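# Descriptive structure summary
The residues making up each chain are set out below.
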Amino acid sequence: MIRIIAGKYKKRKLASVPGRSTRPTTDYNREMIFSTYQDFEGKRVLDLFAGTGALGLEALSRGAVWVDFVEFASPAIATLLGNIQLIGCGEDCHLYRKKVDSYLKTCTQTYDIIFLDPPYDKSLVNPTLQSIFEQDILEPDGVIVVEHSRDETIKAELKDKIIQHKSSKACGFTWLQK
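Quick caveat, the model's predicted, so the values are computed rather than measured. (Residues numbered from 1 in each chain as written. Predicted model: local features only at pLDDT ≥ 70, side-chain atom pairs only at ≥ 80, totals over all residues. Heavy atoms only, no water.)

Before going further, it helps to spend a moment on the nonpolar core. Here is a general trend for soluble globular proteins: nonpolar side chains tend to be buried in one another's company. By size, the foremost hydrophobic cluster in this structure holds 33 residues, and its most contacted members are Leu57, Leu60, Phe69, Cys89 and Phe115. Going through the elements one at a time, helix H1 (27–36), helix H2 (54–61), strand E4 (66–71), helix H3 (74–87), strand E5 (93–97), strand E6 (111–116), strand E7 (138–149) and strand E9 (171–176) are the ones with two or more residues in this core. A total of 5 residues in this core trace back to one element, the largest contributor, which is H2. What Cys89 contacts, discounting residues up to four positions off in sequence, is Tyr9, Leu57, Leu60 and Ile84. Residues Leu46, Leu104, Tyr111 and Ile132 belong to the second largest nonpolar core, which totals 21 residues. (Core = buried A, V, L, I, M, F, W, Y, C linked by side-chain atoms within 4.5 Å. Buried < 20%, exposed > 50% of the residue type's maximum accessible area, 1.4 Å probe, protein only. Helix = DSSP H or I, 4+ residues; strand = E, 2+ residues; numbered from the N terminus. Contact = heavy atoms within 4.5 Å.)

Before going further, it helps to spend a moment on the pairing of E7. Counted residue by residue, E7 has 9 buried out of 12 residues, so it is predominantly covered. Strand direction decides the pairing type here: E6 and E7, joined by 5 bridges, are parallel. Note on E7: the bridge partner recorded for Leu116 is Val146. The sheet contact formed by E7 and E9 spans 6 bridges and is antiparallel. (Pairing = 2+ DSSP bridges.)

Burial runs high along E6: 6 of the 6 residues are buried. In this structure, strand E3 (residues 44–48) lies alongside E6, joined through 4 bridges in parallel fashion. When the sheet's bridge partners are listed, Leu46 is paired in E6 with Ile114. What joins E6 to E7 is helix H5 (residues 125–135), and the crossover it makes is right-handed. (Right-handed = clockwise from strand over helix to strand, strands pointing away.)

Here the focus is unusual backbone geometry. Unlike most non-glycine residues, Lys11 shows phi in positive territory, near 70°. Relative accessible area serves as the criterion here: at 61%, Lys11 is assigned to the exposed category. We note that Asp121 has phi near 55°; this positive angle belongs to a residue other than glycine. Looking at the secondary structure, you find Asp121 in the loop between E6 and H5.

Here we take up the packing of aromatic side chains. The relative placement of two aromatic rings is captured by the distance of their centres and the angle of their planes. Applying the stated rule across the entire model yields 5 aromatic pairs. With 6.4 Å between their ring centres and 20° between their planes, Phe40 and Phe115 make a pair best called stacked. In this pair, Phe40 is assigned in the loop between H1 and E3 and Phe115 in strand E6, connecting sequence segments 75 residues apart. Under the relative-accessibility criterion, Phe40 is labelled buried at 2%. By relative accessible area, which is 1% here, Phe115 ends up buried. Judged by centre distance (4.9 Å) and plane angle (50°), the rings of Tyr96 and Tyr103 are tilted. Relative accessible area serves as the criterion here: at 27%, Tyr96 is assigned to the partly exposed category. Take Tyr103: its relative accessible area is 5%, and that puts it in the buried class. Of the aromatic side chains, those joined through ring pairs into one cluster are Phe34, Tyr37, Phe40 and Phe115. (Phe/Tyr/Trp six-rings, centres within 6.5 Å; stacked < 30°, edge-to-face > 60°.)

Glancing now at H3. With 14 residues, H3 should reach 20 Å at 1.5 Å per residue; the first-to-last C-alpha distance of 20 Å fits that figure. If you check which residues of H3 are buried, you get Ala76, Ile77, Thr79, Leu80, Asn83, Ile84 and Ile87. Buried residues of H3, viewed axially, fall in a sector of 165°; they line one side. Of the exposed residues in H3, those oriented more than 90 degrees away from the buried face are Ala78, Gln85 and Leu86. Gly88 occupies a position one or two residues after H3 and carries a positive phi of about 80°. (Expected span 1.5 Å × (residues − 1). Arc of directions from axis to C-beta.)

Geometric descriptors of this kind do not, in isolation, establish any biological role.
Below, the structure is given as structure tokens:
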């Protein structure tokens, strides 16, 4: 079971994507993410590889003013739309049914916070980070929060942008700025 941890939607339960194609961020890992970075009030958020939408919905619950979700898989989209309806926050977000690389190539918006949680071990973290920085969609004081396999590391060219890194049993979390 996935739930909203804190904020105005606290304790609301979210649906999971059926099957094993989507790996939701556990409550424990979301608590770690949201206790490490807590400034969501008034922020614009981008949730890439959104899945259930739990990260973006948690940000909305904690005061974000807008979330753009990007997801391509049909089962995840159906679940995410259901979660948005369940929470009742459709006026504060938009879902883009696109592949992440395609969305980033055409994105004209800028964001204060970007969640990046791609499928593990598909080598998507570094190319996606590169696109974010090339497209210049992160606000000057913005933060990117990356959840990735422990085996996947941020490439050397981006090391100077890392502001924090934490690990759990199965994954790593890296925070980056411009």
